[in-house]
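If you want the building blocks of each chain, they are given just below.
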Amino acid sequence: MPKQPNMNQMMRQVQQMQAEMAKAQEALKTEEVEASAGGGMVTVRITGALELKEIRIDPDAVDPEDVEILQDMVLAAVNEAIRSAQELAESRMGGAMGGMGGPGGLDLGGLGLPGF
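This one's a predicted model, so the numbers in the text were calculated from it and none came from an experiment.

### Concerning the confidence of the model for the chain
For the chain, mean pLDDT is 82; residues scoring 70 or higher make up 79% of the total. Taken as a whole, residues 101-116 scores under 50 in pLDDT and shows 17 contacts with residues more than four places along the chain or in a different chain.

### Some remarks on the side chain of Thr-47
With respect to the secondary-structure elements, Thr-47 resides in strand E2 (residues 42-47). Apart from residues no more than four positions distant in its own chain, Thr-47 is found in contact with Leu-28, Lys-29, Glu-31, Glu-32, Lys-53 and Ala-85.

### As for the environment of Asn-79
Mapped onto the fold, Asn-79 is located in helix H2 (residues 67-96). The exposure class of Asn-79 is partly exposed, given its relative accessible area of 43%.

### Observations concerning the pattern of salt bridges
Two side chains with opposite charge may pair up if their charged atoms get near one another. This structure, assessed with the given rule, holds nine salt bridges. A salt bridge links Glu-26 to Lys-29, with the shortest nitrogen-to-oxygen separation between them at 3.3 Å. By relative accessible area, Lys-29 is classed as partly exposed at 48%. Among the salt bridges present, the one from Arg-45 reaches Glu-32, with a minimum N-O distance of 2.4 Å. Of this pair, Arg-45 sits in strand E2 while Glu-32 sits in strand E1 (residues 32-37), and the two are 13 residues apart along the sequence. Arg-45 sits in the partly exposed class, given a relative accessible area of 24%. Each of Glu-32, Glu-34, Arg-45, Glu-54 and Arg-56 takes part in a single network of salt bridges with overlapping partners.

Cut-off values and rules
Residues numbered from 1 in each chain as written. Predicted model: local features only at pLDDT ≥ 70, side-chain atom pairs only at ≥ 80, totals over all residues. Heavy atoms only, no water. pLDDT = per-residue confidence, 0-100. Contact = heavy atoms within 4.5 Å. Helix = DSSP H or I, 4+ residues; strand = E, 2+ residues; numbered from the N terminus. Buried < 20%, exposed > 50% of the residue type's maximum accessible area, 1.4 Å probe, protein only. Salt bridge = Lys/Arg side-chain N within 4 Å of Asp/Glu carboxyl O.

In structure tokens form, the structure reads like this:
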């Protein structure tokens, strides 16, 4: 007969995981990533919580005759910064999850809880 899980231990693990996730989310607000486009002509800095902090544009990137290129560089830099910030968040939140389901981690899949 399979061993029944210790519910008190499981609840402590869930509470610990929740506290670690909240701590990781708070830390993401202050961690920043930077991305650039156009060979560094446009640089964007964004937090792990996806708050845009800064856009720097090299004056040489400003061509009144071709604003579309500048717009494309800003768009590319912002999208790259968002992608990098999301990767940062995934790595931090994955660590807070404690490898759920993996060796030594908490496996909630058998409980039928959504998302586990």
